[in-house]
Amino acid sequence: MCNRMIANIFRKHLKSFEITDSQLSILFFVTKSKNVNQKSISDFLVSEKSTVNRNIKRLTNKGLISFEKHSLTTTEKGKQLLESIVPSWENAMKEVKEIIGKEGEDALNAIHSTLKNHNIC
């Protein structure tokens with residue numbers, strides 16, 4: 001339920017860009033990483049391969065990412081979108097932080113740490 005509530009905040013801020021929060025996560029990851037493939041994205045985002053594959057296809061069809069030598073890369077169009085979307089993404093982050101406060105942020109970090117220590121994510 002918490003995930004859906006936070007995702008709704010991001011959807012509100014990203015709506016005009018016609019990109020989902022999942023697609024944006026992939027675009028950020030591809031842009032920041034080298035030798036990216038579907039498995040590395042799936043592992044990093046802790047997401048099903050079929051979901052990642054579907055979003056990769058959509059990002060490719062939009063011309064935001066491309067395949068080069070068995071690896072995904074961000075196109076110039078994708079980089080331009082990221083530059084224009086970052087302020088809205090930061091506004092969404094700010095809104096979430098205002099709602100959950102420092103205590104909520106600390107609680108989420110503790111949950112993440114615990115899950116990571118148990119190799120769940």
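Everything discussed here concerns the structure shown above.
Residues numbered from 1 in each chain as written. Predicted model: local features only at pLDDT ≥ 70, side-chain atom pairs only at ≥ 80, totals over all residues. Heavy atoms only, no water.

*Asks:* Just to check I follow, could you spell out the environment of Thr-75 for this structure?
*Replies:* Looking at where Thr-75 falls in the secondary structure, it is placed in the loop between β2 (71-74) and α5 (76-117). Among the residues examined, Thr-75 registers a relative accessible area of 19% and is labelled buried. Taking C-alpha positions, Thr-75 is 9.3 Å from Thr-60, a pair spaced 15 residues apart along the chain. Within polar-contact distance, the side chain of Thr-75 engages the backbone oxygen of Gly-63 at 2.5 Å. (Helix = DSSP H or I, 4+ residues; strand = E, 2+ residues; numbered from the N terminus. Buried < 20%, exposed > 50% of the residue type's maximum accessible area, 1.4 Å probe, protein only. Polar contact = N/O pair within 3.5 Å; in protein donor to acceptor, adjacent residues only side chain to side chain.)

*Asks:* What is the right way to read the pattern of salt bridges from this model?
*Replies:* Close approach of charged atoms allows side chains with opposite charge to pair. Under the definition given, this model contains 4 salt bridges. In this structure, the salt-bridge partner of Asp-106 is Lys-102, at a minimum N-O distance of 2.8 Å. Of this pair, Asp-106 and Lys-102 both sit in helix α5, 4 residues apart, roughly one helical turn. A residue is classified by how much of its surface remains accessible, and Asp-106, at 37% relative accessible area, is partly exposed. (Salt bridge = Lys/Arg side-chain N within 4 Å of Asp/Glu carboxyl O.)

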